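Topology and contacts: notes
Listed below are the residues making up each chain.
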Amino acid sequence: MSRSSVSLAPWRAALVSQLEAMDSPTFVLSSLHRQPVAATTGQSTKDAVAFSPRARTVVYRGMWAGLSPNPRNPAPRNPHVYQTDLLTITTDVRMDKVSEMFSGSSAAPTRVPEYPRSCAGGPIEGVIWAAHAKTQWRIRGRVYMIGPDIESDAAKPVRQALTVYMRRQHPGNTEADAEDSTWEWAKELTAHFGNLSPVMRGSFRNPAPGTPVSQAPGPGLNLGQKVENLHDEIARSNFRVLVIVPEQVDQVDLSDPDRGRRWRHELTANGDEVVWTTTELWP
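Conventions and cut-offs
- Residues numbered from 1 in each chain as written.
- Predicted model: local features only at pLDDT ≥ 70, side-chain atom pairs only at ≥ 80, totals over all residues.
- Heavy atoms only, no water.
- Buried < 20%, exposed > 50% of the residue type's maximum accessible area, 1.4 Å probe, protein only.
- Helix = DSSP H or I, 4+ residues; strand = E, 2+ residues; numbered from the N terminus.
- Arc of directions from axis to C-beta.
- Contact = heavy atoms within 4.5 Å.
- pLDDT = per-residue confidence, 0-100.
- Pairing = 2+ DSSP bridges.
- Phe/Tyr/Trp six-rings, centres within 6.5 Å; stacked < 30°, edge-to-face > 60°.
- 1 Å grid on protein atoms, 1.4 Å probe; cavity = no way out; pocket = protein on both sides within 12 Å on 5 of 7 lines; lining within 4 Å.
- Points joined across faces, edges and corners; volume = space filled by probe spheres on them.
- Nonpolar A, V, L, I, M, F, W, Y, C, P; charged D, E, K, R; others polar.

1. Quick word on helix α1 (residues 12–21)
- Looking at α1, one finds that the buried residues are Arg12, Leu15, Val16, Gln18 and Leu19. The buried residues of α1 occupy an angular sector of 165° when the element is viewed end-on, so they sit on one face. Among the exposed residues of α1, those pointing more than 90 degrees away from its buried face are Ala13 and Glu20.
- In this structure, the buried residues of α1 make contact with β4 (82–83), β5 (87–92), β6 (119–130), β7 (135–146) and β8 (167–168).

Below you can see the structure in the form of structure tokens.
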């Protein structure tokens, strides 16, 4: 894998420590819902689209390429040779947020997964309130989907886009070079699946989310299933990892009631390097 030089995010250590200190590391993730509207002057019905916000609570699953050790995870693990600032969540490809995040700007979302493959998505915003630290994080950026085809030629643009942010932890180390050659995208995807409980893995065999209860589930689909097989065909066909690439991070620290503090961190290009710049703001 070729890598560019991406600086370590100055907000990373504080955010990760606060997320890991939460009883349940959840946050609100927002996207844009597209809905066709009646045509206006000079527009065809096909091109007329209205946008409205959608938000949902999701679970932080760790930084991409850096899952925390979990003795209950039966999946083989990649060597821990990379570090990123890319937040991950897991999702069912049949959920509305997938069609909202990965549809084209003129396409209306549908419950049928038009984008089951690995691909780049659109803009998103995540908001985290770390109550114990009295800190709010607002993360704006773009999202990528990692699916079963991640090792294919078709998924090469996704791998290339994310590789830019995968920093070698021990550059120039011969042993690390050898481990680098054994790192696999598909193995990382399976590790995320294995990191879920059997009940959570079974949720990917649920009836299609959001469809009427009067509609009979498809073959093998039902509530309350447990999945032990890491390569269960139905569950894995619906399972995806979403990788968030932050481009702007707004950090508000209210832990001192007499002097709140706020910073805006922005990802910018500086020649051949991608660097974070930080500006302190009034809270």
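After that view of the structure, there is still more to cover.
2. Some thoughts on the confidence of the model for the protein chain
- Chain-level statistics for the protein chain give a pLDDT mean of 89 and a share of 87% at 70 or above.
- Counting interchain partners and residues more than four positions distant, the pLDDT-below-50 stretch residues 105–113 has 20 contacts.

3. Observations concerning the pairing of β5
- Burial analysis of β5 places 6 of its 6 residues in the buried class, which makes it a mostly covered element.
- Of the two faces of β5, both are covered, the one formed by Leu87, Ile89 and Thr91 as well as the one formed by Thr88, Thr90 and Asp92.
- Relative to strand β9 (residues 239–253), β5 is paired through 6 bridges, and the arrangement is antiparallel. Bridge pairing in β9 places aspartate 92 opposite phenylalanine 239.

4. Some remarks on the packing of aromatic side chains
- Evaluation of the coordinates by the stated rule reveals 8 aromatic pairs.
- Seen from their ring centres, tryptophan 11 and tryptophan 276 are 5.5 Å apart, and the 85° between their planes marks the pair as edge-to-face. With a gap of 265 residues between them, tryptophan 11 in the loop between β1 (5–6) and α1 and tryptophan 276 in strand β11 (residues 273–281) connect regions that are remote in the sequence.
- Classification of tryptophan 11 by relative accessible area gives buried; the value is 0%.
- Judged by relative accessible area, which is 12%, tryptophan 276 ranks as buried.

5. Points about the layout of surface pockets
- The volume enclosed by the largest pocket comes to roughly 450 Å³.
- What lines the largest pocket is a set of 25 residues, among which Glu20, Tyr60, Arg61, Gly62 and Ser68 lie closest to the centre.
- Of all elements in the fold, only α1 and β4 reach the threshold of two or more residues within the lining of the largest pocket.
- Along the lines of polarity and charge, the residues of the lining of the largest pocket split into 11 nonpolar, 10 polar and 4 charged.
- In this model, the second largest pocket occupies a volume close to 280 Å³.
- Every element with two or more residues in the lining of the second largest pocket is listed here: β3 (49–59) and β5.
- Its residues placed into classes, the lining of the second largest pocket shows 7 nonpolar, 5 polar and 4 charged.

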